Amino acid sequence: MESTMNVKLDEPEPSGKIVDFSNTQIAFSFKTDSELKRTVFLFKMMNSPFLVKVFSFLALWAIKLRLPFTEYLIKQTIFKQFVGGDTLLQCQKTIDLLYDFDTLTILDYGAEGKSDEDDLDQVMFENMRAIEMAASNNSVPVISTKITGLVRNEILEKKHAGIVLNQHETELFEHLIERVDRICSKAAEHGVGVFIDAEESWIQDPIDEITMDMMEKYNNEKVIVYNTYQMYQKAKLDQLKRDHTYAKTNGFMLGAKLVRGAYMEKENKRAQQMGYPSPIHETKQNTDDHYDEGIQYCLEHYEEISLCNASHNLLSNLKMARYIVENELDKSHSHLNFCQLYGMSDNITFNLAHEGFTVAKYVPYGPVKEVIPYLIRRAQENSSVTGETSRELTLLHKEMERRKI
Ligand SMILES: Cc1cc2nc3c(=O)[nH]c(=O)nc-3n(C[C@H](O)[C@H](O)[C@H](O)COP(=O)(O)OP(=O)(O)OC[C@H]3O[C@@H](n4cnc5c(N)ncnc54)[C@H](O)[C@@H]3O)c2cc1C
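Reading guide: rules and limits
Residues numbered from 1 in each chain as written. Predicted model: local features only at pLDDT ≥ 70, side-chain atom pairs only at ≥ 80, totals over all residues. Axes fitted to C-alpha atoms, helices over the stretch in contact; angles between N-to-C directions. Helix = DSSP H or I, 4+ residues; strand = E, 2+ residues; numbered from the N terminus. Parallel < 35°, antiparallel > 145°, perpendicular 65-115°, else oblique. Contact = placed C-beta atoms within 7 Å. Nonpolar A, V, L, I, M, F, W, Y, C, P; charged D, E, K, R; others polar. pLDDT = per-residue confidence, 0-100. Near = placed C-beta within 6 Å. Left-handed = near helix turned anticlockwise from the far one by under 90°. Buried ≥ 20, exposed ≤ 12 C-beta atoms within 10 Å, placed from the backbone. Pairing = 2+ DSSP bridges.

Draft legend 1. The arrangement of the packing of helix α7 (residues 153-161) against helix α9 (residues 204-218) in detail. The interhelical angle for the contact between α7 and α9, taken along N-to-C directions, is 90 degrees, at an axis separation of 7 Å. Comparing their axes, α9 and α7 come out roughly perpendicular. Contacts between α7 and α9 involve L156, K159 and H160 from the former and Q204, D205, P206 and I207 from the latter. Residues of the contact of α7 with α9, tallied by class, amount to 3 nonpolar, 2 polar and 2 charged.

Spelled out as structure tokens, the structure:
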């Protein structure tokens, strides 16, 4: 199959228009004028790294100290932008609205860093409720889960480091496997997919092992379980290929969600402090090259790998769209998926949807205190270190001008 992945964004489209990510009318048509203005205000605030730092610090403390109005303030601003609601039921409106614009929803309960066994069970039950809701909604094909919401972090850290667990810790690890298995078994029963998020590299090996075991058990007739490959890690492209070979040899299909990776600074800092080579690529270009090579690999084997291209990068999305069109693949094939986070890169999501590609928004939900770490990550991702206007803000301004508001 001829490679189409070396295209440049500014090259003329060889086969006519594939997708126009600069169309802000389509990108923001689901927002009223006042919603658009509110979004502009929010992204302006987030554009300042200083304000983001202050917000992150204050929000964490205010929630801990249960200061009055904190929840209300967060809910009216950043929560509304990036979160579907407090509960599953409250997400229904968001799910329906997205579906009106041909966009699917991936439900993501925002719990992370739990340690109490009862709390961990509750996260499992919440994931199972989300699966039931997905089963009754054509517009929700997948739910997402985080292993750190289902077991104590230190158990994963010890497992990853090869430290022998004592009897109690072994039991806790077995409980984790039971929880993941109950989630995946319920998902298989209902034909709903499960994305398992990737986390810090020093806890990732046991996550990968459990996820591969679940894929082997449940990905026989269709892909139910997906692992996440952080392509900012030097070793991930080889791992993706190895996992694919293993799956093929053992008669199951691979579910692969590709992301660049969310913990770069933390990873580099830890590596430096502890004196080991950072697992992260030295340059952004290397991350981009490996990301696109990973996408290309999955596309070339799309009958055996169900792919989710989880990115806000224009070029990585355009390259995949172009590959699908030029190779005359079915845009609605269940293995050819695009996904962006709710509240971000609407120009990518809704323009892809408009052109008939299969695209979803990751919609996190949960009480404010649970989703605060997620919201802080989103605010940091949208703040501009160089002082330039963020890509979201540039598009929002363009749409304001177009609407003359
Ligand atoms: C649907 C969805 C699900 C996600 N799930 C996960 C998940 O499970 N686990 C997870 O970790 N993240 C997850 N993410 C977050 C994702 O990793 C970040 O959104 C992503 O890193 C931003 O990259 P981008 O592809 O949008 O493109 P860009 O904005 O082009 O790339 C930014 C990324 O490139 C990398 N990078 C930047 N500078 C350098 C450098 N100097 N050297 C090397 N690399 C560099 C970093 O990863 C940085 O985040 C998810 C994102 C989406 C959209």
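Draft legend 2. Looking closely at the confidence of the model for the protein. With 95% of its residues at a pLDDT of 70 or more, the protein has an overall mean of 92. The low-confidence segment residues 1-16 (pLDDT under 50) makes 18 contacts with residues lying over four places distant or belonging to another chain.

Draft legend 3. Summary view of the site of the ligand. The local shell around the ligand holds 24 residues, among which D197, A262, A310, S311 and H312 are the closest. Counting only elements with at least two residues in the shell around the ligand, the list comes to β4 (225-230), α12 (284-300) and β7 (336-341). Looking at the shell around the ligand, its residues break down into 11 nonpolar, 10 polar and 3 charged.

Draft legend 4. View of the packing of helix α10 (residues 236-249) against α12. Running from N to C, α10 and α12 point in directions that differ by 10 degrees, and their axes come no closer than 10 Å. Relative to α12, the element α10 is oriented roughly parallel. In this structure, the crossing between α10 and α12 has a hand that is right-handed. Mapping the contact onto sequence places L237, L240 and K241 in α10 and H290, E293, G294 and Y297 in α12. Residues of the contact of α10 with α12, tallied by class, amount to 3 nonpolar, 2 polar and 2 charged.

Draft legend 5. Looking closely at the environment of V151. Within the fold, V151 resides in the loop between β2 (142-145) and α7. A count of 26 C-beta atoms within 10 Å places V151 in the buried class. Sequence separation of V151 and E381 is 230 residues, and the distance between their C-alpha atoms is 27 Å. When residues no more than four places from it in sequence are discounted, the contact partners of V151 are L120, L156, L172 and L176.

Draft legend 6. Layout of the pairing of β7. Extensive coverage of β7 is indicated by the burial of 6 of its 6 residues. The alternating pattern of β7 places L336, F338 and Q340 on one face and N337, C339 and L341 on the opposite face, and all of these are buried. Summarising the sheet, strand β6 (residues 305-310) and β7 pair through 4 bridges and their orientation is parallel. Among the inter-strand pairings, L307 is bridged to a residue of β7, identified as L336.

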